[in-house]
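In case you want the letters, here they are:
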Amino acid sequence: MVSGSKRLQRKLSRLPKSVQKEVRKATATGATEMVQTARGFVPKDEGYLRDSIRWRWIRKAAFTALVTAGNERTRVKGRNGKLFQNAFNQEFGTKNMPANPFFFVAYRLRRTRIRSRISRAFSKAIRIAFK
């Protein structure tokens, strides 16, 4: 979570509904783009991992989207009996497997574009709402 995000959420919830709608639409577009990019970086033989990458709203009225990778089907048992997520192993590697990063590569590739899209949508909606 970003520092000060609760305060930001309160301020955003007081904006006109038209502004909220545009910001949520831009956020959803960015999250969808992030998911598609991350799926493209997953190794081809990891279809179940690729299919597990998705996004959702953190709270119903929130403006923050959470992109996740991995679920119960992608968990694998390690030598010491602990469960490790295959998504984590793919991203960072293990002592027996080199890293195949897919998630943070996609994040670093798309973050500027996503932030810009949200900022432009916010600015445009504010100008229209307060004309």
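Procedures and definitions
Residues numbered from 1 in each chain as written. Predicted model: local features only at pLDDT ≥ 70, side-chain atom pairs only at ≥ 80, totals over all residues. Heavy atoms only, no water. Phe/Tyr/Trp six-rings, centres within 6.5 Å; stacked < 30°, edge-to-face > 60°. Helix = DSSP H or I, 4+ residues; strand = E, 2+ residues; numbered from the N terminus. Buried < 20%, exposed > 50% of the residue type's maximum accessible area, 1.4 Å probe, protein only. Lys NZ or Arg CZ within 6 Å of the ring centre and 35° of its normal. Patch = residues over 30% accessible without salt bridge, like charges linked within 9 Å, V, L, I, M, F, W, Y side chains within 5 Å. Areas by Shrake-Rupley, 256 points an atom, 1.4 Å probe, with all protein chains shown as cover. Salt bridge = Lys/Arg side-chain N within 4 Å of Asp/Glu carboxyl O. Expected span 1.5 Å × (residues − 1). Contact = heavy atoms within 4.5 Å. Lys, Arg positive; Asp, Glu negative; His and termini not counted. Charge placed at Lys NZ, Arg CZ, Asp CG, Glu CD. Polar contact = N/O pair within 3.5 Å; in protein donor to acceptor, adjacent residues only side chain to side chain.

Enquirer: Explain the packing of aromatic side chains here, please?
Expert: Pairs of aromatic rings are described using the distance from one ring centre to the other and the angle between the two planes. Counted by the stated rule, this structure contains five aromatic pairs. Arranged with centres 6.1 Å apart and planes meeting at 45°, the rings of Phe92 and Phe104 form a pair that is tilted. Of the two residues, Phe92 is situated in helix α4 (residues 86-92) and Phe104 in helix α5 (residues 103-129); the sequence distance between them amounts to twelve residues. The class for Phe92 is partly exposed, based on a relative accessible area of 48%. Ring centres of Phe103 and Phe104 lie 5.6 Å apart, and the angle between their planes is 80°; this geometry places the pair in the edge-to-face category. The structure contains a cluster of three or more aromatic residues connected by ring pairs, namely Phe88, Phe92, Phe102, Phe103 and Phe104. Between the NZ or CZ atom of Arg24 and the centre of the ring of Trp57, over which it lies, the distance is 4.0 Å.

Enquirer: How should I be thinking about a nonpolar patch on the surface in this particular structure?
Expert: A grouping of Phe88, Phe92, Phe104 and Tyr107 is seen on the molecular surface, where their side chains present a nonpolar patch of about 400 Å² in accessible area. Breaking the nonpolar patch down by element, the ones donating at least two residues are α4 and α5. Note on placement: Phe88 falls in helix α4.

Enquirer: What exactly am I supposed to notice about α5 here?
Expert: The α-helix advances 3.6 residues per turn, and as a result positions three or four apart in sequence lie on the same side. In a regular helix each residue adds 1.5 Å, so 27 residues correspond to 39 Å; α5 covers 36 Å between its end C-alpha atoms and thus fits that length. Turning to α5, its buried residues number three or more, namely Phe103, Ala106, Ile114, Arg117, Ala121 and Ala125. As for α5, its buried residues are in contact with α2 (17-41), β2 (65-68) and α4.

Enquirer: Looking at this structure, I do not really get a positive patch on the surface. What am I missing?
Expert: On the surface, Lys6, Arg7, Arg10, Lys11, Arg14 and Arg59 cluster together into a positively charged patch. Accessibility expressed as a relative area gives 53% for Arg7, which makes it exposed.

Enquirer: Hey, could you run me through the side chain of Thr27 in this one?
Expert: Residue position: Thr27 is located in helix α2. Among the residues examined, Thr27 registers a relative accessible area of 9% and is labelled buried. Among the polar contacts listed, one links the side chain of Thr27 to the backbone oxygen of Val23, at a separation of 2.8 Å. When near neighbours in sequence (up to four residues on either side) are disregarded, Thr27 contacts Trp57, Phe63, Ala65 and Ile118.

Enquirer: Where do I start with the pattern of salt bridges in this structure?
Expert: Any two side chains of opposite charge can pair if their charged atoms end up close together. Scanning the entire structure with this criterion turns up four salt bridges. One salt bridge in this structure joins Lys25 and Glu22, with 3.8 Å as the shortest N-O distance. Of the two residues, Lys25 and Glu22 are both situated in helix α2; the distance of three residues between them amounts to about one turn of the helix. Residue classification places Glu22 among the partly exposed positions, given a relative accessible area of 28%. In this structure, Glu33 and Arg110 form a salt bridge, with 4.0 Å as the shortest nitrogen-oxygen distance. Taken as a pair, Glu33 in helix α2 and Arg110 in helix α5 lie far apart in primary sequence, 77 residues in all. On the basis of relative accessible area, Arg110 is assigned to the partly exposed category, the value being 22%.

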